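Spelled out, the chains give:
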Amino acid sequence: MDLIEDLDPEEARAIVDPALNLMIDAVHRYDGYVVQCTGDGVFALFGAPVAHEEHPQRALYAALRIQEEMRHYSAGLRTAGKLPIEARVGANTGEVVVRSIATGGSHPEYAPIGHSTSLAARMQALAPAGSVAITATTRNLCEGFFSFRSLGPTKVKGVQDPVEIFEVTGLGPLRTRLQLAAGRGLSKFVGREQEMDALRLAADRAWRGHGQIVATMAEAGLGKSRLFYEFKLISHLRWLVLEAFSVPHGKSSAYLPLIDLLRNYFRIGIEDNEASRRAKIIAAALALDRSLQDEIPYLFALMGVAETETTLAMDPRIKRERTFEAITSIILRESINQPVLLIFEDIHWLDEETEALLSLLMDGIANASVLILVSYRPEYSDKWSNKTYYTRLRLDPLGQENAEEMLSTRLGHGEQLAELRGLVVSRTQGNPFFMEEMVQMLFEQGVLGWQGAVQLLKPIGDVTVPPTVQSVLASRIDRLPAAEKDLLQILAVIGKQFQVSLVKQIVSEPPDELNRMLRDLQLAEFLYEQPAPSEIEYAFKHALTQEVAYNSLLIRRRRILHERIGQAIEALYAGHLDDHLSDLARHYRFSDNAPKAIEYLHRASRQSTARSAYDDAIMSLQQGLALLDHLPAGPERQRDELELSTLLLLALQGSRGYAAPEVERLVARIERLSAEGADPALLFKVLYRSSTFYFVRGDLRRTRRMGEELVRRAETIADPDMLCMAHELLGGALVWWGDTALARLHLEKASSRSYRVALAYLGWAQWHLGYPDQARASVDRATQSTEKISRPYTVATVLGVVGLAYYLLHEYSRMLELAEALRIVSRDHGIAYYQALAAVHSGAALAGLGKTREGIARLTEGIGDFTATGTRLVLPYCKLALSEALLKAGQPELALPAINEALALVEHNGERYLEAELHRVKGEALLSLPQPEQTAAALSLERAVAVARDQSAKSMELRAATSLAQLLSRQGRGADALIMLTGISAWFTEGFNTDDMKRAVALSEEIALQCQAQ
Ligand SMILES: Nc1ncnc2c1ncn2[C@@H]1O[C@H](COP(=O)(O)OP(=O)(O)OP(=O)(O)O)[C@@H](O)[C@H]1O
Ligand SMILES: [Mg+2]
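Residues numbered from 1 in each chain as written. Chains lettered and ligands numbered in written order. Predicted model: local features only at pLDDT ≥ 70, side-chain atom pairs only at ≥ 80, totals over all residues. Heavy atoms only, no water.

## Overview of the overall build of the protein chain
Then, in step 1: Per the secondary structure count, the protein chain includes 44 helices and 18 strands.
Then, in step 2: By the compact-globule yardstick of 31 Å for 1014 residues, the protein chain is too spread out, its C-alpha radius of gyration being 42 Å.
Then, in step 3: By its C-alpha atoms, the protein chain is 145 × 65 × 60 Å across when sized along the principal axes.
Then, in step 4: Counting contacts in the protein chain only where the partners sit at least 6 residues apart, residues at least 24 apart contribute 66% of the total.
Then, in step 5: If you sum the accessible surface of the protein chain, you get close to 45600 Å²; carbon and sulfur atoms cover 51% of it.
Then, in step 6: Considering the protein chain, the positive charge centre built from 109 side chains and the negative charge centre built from 128 side chains are found 2 Å apart. (Helix = DSSP H or I, 4+ residues; strand = E, 2+ residues; numbered from the N terminus. Rg over C-alpha atoms; globule rule 2.2 N^0.38 Å. Contact = heavy atoms within 4.5 Å. Areas by Shrake-Rupley, 256 points an atom, 1.4 Å probe, with all protein chains shown as cover. Lys, Arg positive; Asp, Glu negative; His and termini not counted. Charge placed at Lys NZ, Arg CZ, Asp CG, Glu CD.)

## Details of the site of ligand 1
Then, in step 1: Close to ligand 1 lie 24 residues; Arg 177, Gly 221, Lys 224, Arg 226 and Glu 436 are nearest.
Then, in step 2: Between Gly 221 and ligand 1, the recorded distance is 2.7 Å, taken from a backbone N or O atom to an oxygen atom.
Then, in step 3: Interatomic distance of 2.4 Å between a side-chain N/O atom of Glu 436 and an oxygen atom of ligand 1.
Then, in step 4: Taken together, the elements giving at least two residues each to the shell around ligand 1 come down to α5 (177-184), α7 (224-235) and α16 (432-444).
Then, in step 5: A breakdown of the residues in the shell around ligand 1 according to their chemical character gives 11 nonpolar, four polar and nine charged. (Near = heavy atom within 4 Å. Polar contact = N/O pair within 3.5 Å; in protein donor to acceptor, adjacent residues only side chain to side chain. Nonpolar A, V, L, I, M, F, W, Y, C, P; charged D, E, K, R; others polar.)

## Overview of the packing of aromatic side chains
Then, in step 1: Throughout the structure, instances matching the rule amount to 24 aromatic pairs.
Then, in step 2: Ring centres of Tyr 614 and Tyr 793 lie 5.9 Å apart, and the angle between their planes is 80°; this geometry places the pair in the edge-to-face category. Taken as a pair, Tyr 614 in helix α25 (residues 614-628) and Tyr 793 in helix α34 (residues 792-808) lie far apart in primary sequence, 179 residues in all.
Then, in step 3: With a centroid separation of 5.0 Å and 70° between ring planes, the pair formed by Phe 693 and Tyr 694 is classed as edge-to-face.
Then, in step 4: Following the ring pairs from residue to residue traces out a cluster consisting of Tyr 614, Tyr 793, Tyr 833, Tyr 834 and Phe 866.
Then, in step 5: Between the NZ or CZ atom of Arg 139 and the centre of the ring of Phe 166, over which it lies, the distance is 4.6 Å.
Then, in step 6: The ring of Phe 526 carries Arg 476 above its face, with NZ or CZ at 4.3 Å from the centroid. (Phe/Tyr/Trp six-rings, centres within 6.5 Å; stacked < 30°, edge-to-face > 60°. Lys NZ or Arg CZ within 6 Å of the ring centre and 35° of its normal.)

## Some words on the nonpolar core
Grouped burial of nonpolar side chains is what soluble globular proteins tend to show.
Then, in step 1: In terms of nonpolar packing, the biggest core is built from 192 residues, with Leu 491, Leu 527 and Tyr 877 touching the most fellow members.
Then, in step 2: Ranked by size, the runner-up nonpolar core spans 50 residues in total, among them Leu 288, Met 303, Leu 358 and Met 362. (Core = buried A, V, L, I, M, F, W, Y, C linked by side-chain atoms within 4.5 Å. Buried < 20%, exposed > 50% of the residue type's maximum accessible area, 1.4 Å probe, protein only.)

## Describing the sheet that holds strand β9 (residues 212-217)
Then, in step 1: Within the open sheet, the five strands sit side by side as β10-β11-β12-β9-β13. Their pairing is parallel. Edge strands, defined here as strands with exactly one partner in the open sheet, are β10 (240-245) and β13 (390-394). Pairs of neighbouring strands in the sheet enclose a mean axial angle of 15°, with direction left out of account.
Then, in step 2: As judged from the six bridges shared by β10 and strand β11 (residues 340-345), these two strands associate in the parallel manner. Considered in β11, the bridge of Leu 240 is made with Val 340.
Then, in step 3: Across the face of the sheet, helix α8 (residues 256-265) comes into contact with β10 and β11 while running at roughly 150° to β10.
Then, in step 4: The strands that helix α12 (residues 316-337) touches are β10, β11 and β12 (370-376); relative to β11, the one it contacts most, it runs at about 135°. (Pairing = 2+ DSSP bridges. Axes fitted to C-alpha atoms, helices over the stretch in contact; angles between N-to-C directions.)

This is the structure:
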């Protein structure tokens, strides 16, 4: 307040105190809370400590009222010969934390803390005397409801950039949210066919002189106003439409909606002074019916026209009655000329006086052409349901289809936004207002933008509750009795759904009382009961209500509650905590108890990994690792970090591929961590997991070294399982390396203890070394074992490895069958690596079965996906299979580049297992060219034989020798060919039924015959 400086203090008080009272009254009128009353001003909050819908508007209504009252007051001072005073009002909107302070009085006092309030104080200081200054935030929330004038960007203390300030100059044209929405462009009207039919039916009856009332009941935002709006559109020409709107703070001002309605009827605008108002009222009433003459004076008081002496002197009750009668008569008389449509919106906010008039009107319309439409939210209970001409419509949320349609008109039908549309529908559960606000917020945050069509410009991220929705929901919650509000907040911390037995553990209320409160919350439509097998379970009706209730708690209190809920779950489900790990992890994560959170995140991630739910595991582990930062450094933290990282590695390998880039980064981190010496068993695990990365990355030298190291460590720890793991890994690496003889030794050790992957690899080694029957037996055993293994990851690994063995054994039908099994298991569990390998296997098998075109397509696709997982291992096999398929399809010129690529990889990575085969196929390809390159082919085939001999790879030698022998005999060197071929065939002690052996024997016989003939 600006006071004249040189007043003596007593005189000043006498002037200021009434002004302060008038300000306090204005604040209270709009449900504000006076935090502080300084010597010459007040500081008030709107929307806190009790939330109110449209709190920014309330603040501005109060501000304007203060200024208006101050003008009157000042004018009075002036007439009394005193000096006038002026006030400055400032406002801002934002979050505050409201602390309650015990002051010893019967009510707690609240002290807000936060940047928002200091900004409001700055606005006050900057406001021109006699005006209201606000920030852009408040202006944006009140746009349309008030009019503003920019005061330009202004430097404000405590804020870096200049802040744009606005002066509130008066009321704006808008009264309701729907009008605001209409300004933005209304969404396409969807659904509500039955309700529209009901309205039409009522309108028909009213039209024919049987007055009707239709009430629409629904929660905020479900479309009551919109339904009326649509109905008005189709009927306004034939009806005289009169509307009355109630506002959230309406209960404190009598007759407001009624006054609005009458002003519309008499066409009185703000520009009309008292005289013109009076004239308009009299003219309209008399034009309608001369006999109304006596009724007219009763309307004056309501319309701000000086009363006549008769009405002034009247008993107020009688005057009220007459006033009501006057209004009723006018409406009924009007309905004779033209049917009247009266709309009373939001009557849950209606003041008692207007409500009384409405009741009277409703009684009087039974035989008139009047249709009354009222709307209200569920917290109101109407009193007219016994009337025969009364219909109540209850609006439900929009169904999935309508909700989608409504969103599509705003966001388009594009695939890109399909996920977002689904998200908005599910978060808002089909409440059109919430949907619109959420979309609007996404545009304002720049998540959505217009580029020819609506586009997603940023990742969706966390979609928060828009402030407009927040205030609707928060005020609903705040209207609950204190104990129920407390309960609702606790429930929100527990989660979207909860069992009553758990709630009992957490709250102190006796069970009967708790049940009653839960029932009440259910009746108030906050919760609903869910069918559950054993006991009663409740769920929040709206995810958004849960979120708002949750956020209304201070962080400190939330943390305490989360911990209490964690403890309650531990106590209640002590015997089967495994069923509640993710809940426990969540509650402790948001409590102050980081060690417990880490423990449960760890357990939850193990469980997810075991179920091959890798993405869940990854999330838990990353959360756990993030929490570790809150713990003091030391050996314990190091251990936890190593353990979590190792599990994360496993999960990442599962979902993204063994050798994906994320995996590589993690391996580097793990290596840094483990250098500092930790528990040997843990270090073994760490080393083992990272070696799988190098393995698949194709770094066989390093894998082999790590495998040897692992064997040594396992021997020191003397853990049989670790030994098997180490032998399995080293054996596997040696197989790829091409040293199958040494590999066999390790794999035999591992496979003795039912290590199925080792068994499958053993099959490879055995085949390579010239024991195809033993190989088949091992591979068959490994395959059969997958029927008994429940871990999808192991199943996939075994199937992946045996696939290649059947390829070498030329058992393509079996291979195809297993490739399909591999595809399903890896698809169902999101194992990218094996999903790609399954495609490669099935392509190879199809080509083997003669379906070369299909096979080549599948192979090409599989190889692409496979490479994308970061793997370098196994690629020589993929390319070998592809080139064999191409060769079979008569395309040797395409097969050759694939082979050469594979051979380059062999050289680079040392993956020599298939080397001899690659040279052999290359030789065959060279021979199949339109102009066969015999010399080069001979070189390749000789190389194949030499490599196979060098590796003691008898089966490959047999194949290579067969191919070479064929060429030699064609070149007239039958004798050499025969010696070579019989030499290798004679070595074999088993496998006489294989394709390879049969071909070798047949060829030997053929060459022998030729030689004899010469
Ligand atoms: N059936 C519908 N089709 C398309 N849009 C709708 C539909 N119903 C409501 N809307 C839109 O949703 C928003 C909220 O609707 P409306 O204002 O009618 O809700 P309400 O029930 O009157 O809420 P309140 O209780 O807060 O007044 C409006 O912008 C409206 O245009
Ligand atoms: Mg409405």
